[in-house]
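This is what each chain is made of:
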Amino acid sequence: MDYASEIKGFNSFIDDNLLLDTPIVGKKYTWFNSNGLTKSRLGRVLVTEDWMEKWPMCKQYVQQREVSDHCAIVVKSMEKD
């Protein structure tokens, strides 16, 4: 399987399961090369419409990079439980 075919398959999975990408706060990218020039948004939080109805104010917060070349993502909702 080639790279383009894998991307298409992943995007089809997202579409077929009606997944939504929660809003992102903070950094735009979740992965950085050590040279700091290459970056990408590899990490993301995908949820269902039911999730968004229950927690409509949830957002994903990209954290500072510590040890890894990936940034952790924390999901928070501004609504009180």
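Along each chain, residues carry numbers from 1 onward, in the same order as the chain's sequence is written. This being a predicted model, a pLDDT of at least 70 is required before a residue's local features are given, and a value of 80 or more before pairs of side-chain atoms are given or counted; all residues contribute to the totals for chains, interfaces and linings. The side-chain figures draw on all heavy atoms in the structure; neither hydrogens nor water molecules are used.

Enquirer: Sorry, what's going on with the pairing of strand β6 (residues 58-62) here?
Expert: Consecutive side chains along a regular strand alternate between the two faces of the sheet. Burial classes follow relative accessibility: with a 1.4 Å probe on protein chains only, a residue under 20% of its type's maximum area counts as buried, one over 50% as exposed, and anything between as partly exposed. Secondary structure elements follow DSSP: runs of H or I no shorter than four residues count as helices, runs of E no shorter than two count as strands, and numbering proceeds from the N terminus. Judged by how many residues are buried, β6 sits mostly within the fold: 4 of 5 residues are covered. When strand β2 (residues 24-26) meets β6, the two strands line up parallel, connected through 3 bridges. By the bridge assignment for β6, Val-25 is matched with Tyr-61. Strand pairing follows a simple DSSP-based rule, namely that at least 2 bridges must link the two strands. As paired elements, β6 and strand β7 (residues 73-77) share 5 bridges and run antiparallel to each other. Bridge pairing in β7 places Tyr-61 opposite Val-74.

Enquirer: What is the right way to read the environment of Thr-30 from this model?
Expert: Topologically, Thr-30 is positioned in the loop between β2 and β3 (31-32). Remark: the alpha-carbon pair of Thr-30 and Leu-42, spanning 12 residues in sequence, is separated by 5.9 Å.

Enquirer: What is the right way to read the side chain of Gln-60 from this model?
Expert: Within the fold, Gln-60 resides in strand β6. Within 3.5 Å is the distance limit for a polar contact, defined as a pair of N or O atoms, with the added protein rule that one can donate a hydrogen and the other accept it, and that residues adjacent in sequence qualify only through two side-chain atoms. Here the side chain of Gln-60 touches Val-45 through a polar contact of 3.2 Å, landing on its backbone nitrogen.

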